[in-house]
Amino acid sequence: MIAAMISKVIGLLYKSPLSNIIGSLGMGYTSLAQNAYMILLMIASFSIPQAVSKLISERIALKDYRNAHKFFKGAMIYAMVIGGVVGLFCLFGAGLIIPQNQKDAIPALQILAPTIFLSGILGVFRGYFQAYRNMMPTSISQIIEQVFNAAVSLLAAWGFINAFSDGTENSIAKWGAAGSTVGTGAGVVTALAFMLLVYGVNRRKILHRVEKDHRHQEESYKEIFRVIILVVSPIILSAFVYNVNAYINFSDILGRRGGDAAQIGILYAEYATYFMTIINIPLTLSSTAPTSMIPEVSALYATGDIEATRECIDQTVQLSMVVSAPCAMGLAVLAQPIVFLLYGNSTGLAANLLILGSFSILLNGMSNISNGVLQAIGQQRIPVITAAIALVVDIVVVVVLLFTTNLGVYALLIAMVIYSVVVCVLNDRAMKKYLQYKNPWKEGYLYPILASVPMGIVAGCICYGLNIFVKSNFICLIVSIPVAAVVYLFAYLIISKPSESQLRRIPGGSYLIRIAEKLPFWQNN
């Protein structure tokens, strides 16, 4: 979780200077290319780490190391073949994906084609080590990936503008966006090199386990590919449907309604780059919990321990919400200073979206956990069905709101919230059916939300009060955020009264325990 947070913060920070280099229109083109790339990545390899982690962890739980390693090799072949095909489509078919009125985003998408192929290979390595419940290689590789992504994106954007642009706004936006996507590929290449190094160091130990395993019959590659496809396909479809809805809404529906192409590009930058980049930080944090949970839930469910499976889910919910609730409150209260500090050329639309949409962080956290649980227990088809139903509802809501009201981009925000609600409700029903699972509403959701209320009040009072005397968003935020975090910690300890084991699961838990032990009102239950 810490690595995911660091990676997202790096991704957030570098986009501020990038927007100064290529402008709001260029950021719109970059976001359009990146979102189209993500949809193709869903098809090619995005589900690979989860699938590999699930399949291999089930075999490791049974000490079937021979077939666990063979699944690793089968997944590698699958990722290379599918990634190669999708990468070629991205290179030669980019014009079919990018909307007609946003053609200047095509070069940015084409540059991402090789990255699709390499991402699949990287995903297999990450999933393999996650299956052994070793998250360290994945965590370090994520940080390395973002560091190189940020550095190369800025340099390449500047270089492309100087080398290919004719100096006009559209030309700067086009080539700046193209250069910025070079960084994505550089990050993946560097992360892959690191994972290859880690695998090389551990290869002898891995192969030794495989050679000592004589108890299990080796599965054929035909069976392995069949299982991989059965597991991967539902995950791909659910993730694809989840990510394609915003792309369809903005690029297709807004385009069909009419409007200036440049203005649509700028709106896309406000929504997809500024707003979504900021809100994706807590979303990523909340999604790391279910991702790391999948191997453990799969292993527990495979051994038939349903009670332990439910306890594991409870722990994941509590961990996710302890992080998500204060993030949602903090972003809502401090939206304007955060947006204008990071993106000085913003029109202010992103800040308004953040104020209204920050609570969707909680909904997305709930939907991510339920998706992960259902995939882990072998019910991969259910997230696909719920995502498809939610997508239909989402598109209907967007069309109705766009063509009957003047809400504009806010219609997309409303639809995003409704989409998450539909997924949460349907997935919750499925979890009750297959696991007799009941959400820990009080401990998991209510306590973190209540604790975030005084935190939000303190953050707002300090930030906006200080701003009266100090006209610096940076100083106001750097003073108010740490104080607010301390208030949240104290409020959560008072309201929730968590045990030592519960605190230890939170990032930095050992430090929290030391603090809690010094407080007279905290008792280790």
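See above for the structure.
Note that the coordinates shown come from a computational prediction; the quantities given were computed from them, not determined experimentally. (Residues numbered from 1 in each chain as written. Predicted model: local features only at pLDDT ≥ 70, side-chain atom pairs only at ≥ 80, totals over all residues. Heavy atoms only, no water.)

## Some words on helix 2 (residues 48-61)
Over its 14 residues, helix 2 extends 20 Å from the first C-alpha to the last, a length consistent with the 20 Å expected when each residue adds 1.5 Å. Among the 14 residues in helix 2, 12 count as buried, and that is most of the element. Trailing helix 2 by a residue or two, K63 shows a phi angle of about 60°, which is positive. (Helix = DSSP H or I, 4+ residues; strand = E, 2+ residues; numbered from the N terminus. Expected span 1.5 Å × (residues − 1). Buried < 20%, exposed > 50% of the residue type's maximum accessible area, 1.4 Å probe, protein only.)

## Comments concerning a nonpolar patch on the surface
Together, L341, F474, I475, I478 and V479 make up a nonpolar patch on the protein surface, roughly 420 Å² of accessible area in all. For the nonpolar patch, the element with the most residues is helix 19 (residues 473-496), which contributes four residues. Looking at the element boundaries, I475 is found in helix 19. Overall, the relative accessible area of 37% leaves I475 in the partly exposed class. (Patch = residues over 30% accessible without salt bridge, like charges linked within 9 Å, V, L, I, M, F, W, Y side chains within 5 Å. Areas by Shrake-Rupley, 256 points an atom, 1.4 Å probe, with all protein chains shown as cover. Salt bridge = Lys/Arg side-chain N within 4 Å of Asp/Glu carboxyl O.)

## As for the pattern of salt bridges
When the charged atoms of two side chains lie near each other, side chains of opposite charge can form a pair. Under the counting rule described, the total for this entry stands at four salt bridges. Among the salt bridges present, the one from R310 reaches E307, with a minimum N-O distance of 2.8 Å. Of this pair, R310 and E307 are both found in helix 12 (residues 306-333), three residues apart, which corresponds to roughly one turn of the helix. E307 sits in the partly exposed class, given a relative accessible area of 43%. For D428, the salt bridge is made with K432, and the minimal N-O distance between the two is 3.5 Å. With D428 and K432 both in helix 17 (residues 409-435), this residue pair falls four residues apart, about one helical turn.

## Topic: a positive patch on the surface
Together, K63, K205, R209 and R215 make up a positively charged patch on the protein surface. Of note, K205 is situated in helix 9 (residues 182-212). (Lys, Arg positive; Asp, Glu negative; His and termini not counted. Charge placed at Lys NZ, Arg CZ, Asp CG, Glu CD.)

## Some remarks on the packing of aromatic side chains
Enumeration according to the criterion identifies 11 aromatic pairs in this entry. Measuring from ring centre to ring centre gives 5.4 Å for F160 and F164, while their planes differ by 75°; the resulting arrangement is edge-to-face. Separated by four residues within a single helix, F160 and F164 lie in helix 7 (residues 136-164), roughly one turn from each other. When its relative accessible area of 47% is taken as the criterion, F164 is described as partly exposed. Ring centres of W441 and Y445 lie 4.9 Å apart, and the angle between their planes is 35°; on these two criteria the pair is classed as tilted. Note that W441 and Y445 are positioned in helix 18 (residues 441-467) at a spacing of four residues, about one turn of the helix. Relative accessible area serves as the criterion here: at 47%, W441 is assigned to the partly exposed category. Following the ring pairs from residue to residue traces out a cluster consisting of F72, F125, Y128, F129 and Y199. (Phe/Tyr/Trp six-rings, centres within 6.5 Å; stacked < 30°, edge-to-face > 60°.)

## Let's talk about the nonpolar core
Ranked by size, the top nonpolar core spans 77 residues in total, and within it L109, I116, Y271, F275, I278 and L354 carry the most contacts. It is helix 1 (residues 2-46) that provides the largest number of residues to this core, a total of 14 residues. Membership of the second largest hydrophobic core comes to 34 residues, among which are I60, M76, A79 and Y128. (Core = buried A, V, L, I, M, F, W, Y, C linked by side-chain atoms within 4.5 Å.)

## Looking at the state of the cysteines
Tallied over the entire structure, the rule returns zero disulfides. C463 takes part in no disulfide bond, and the closest cysteine sulfur, belonging to C476, lies 5.0 Å away. Under the relative-accessibility criterion, C463 is labelled buried at 2%. (Disulfide = S-S within 2.5 Å.)

## Notes on the side chain of S119
By the secondary structure assignment, S119 is in helix 6 (residues 113-131). Within the structure, the side chain of S119 is placed 2.7 Å from the backbone oxygen of T115, a separation counted as a polar contact. Non-local contacts of S119, meaning those with residues more than four positions away in its chain, are made with Y37, L41, S45 and V188. (Polar contact = N/O pair within 3.5 Å; in protein donor to acceptor, adjacent residues only side chain to side chain. Contact = heavy atoms within 4.5 Å.)

## Remarks on the side chain of N427
Relative to the helices and strands, N427 is located in helix 17. Of note is the side chain of N427, whose polar atom sits 2.8 Å from the side chain of N371. Leaving out residues up to four positions away in the same chain, N427 has contacts with S367, S370, N371, L374, I382, P383 and T386.

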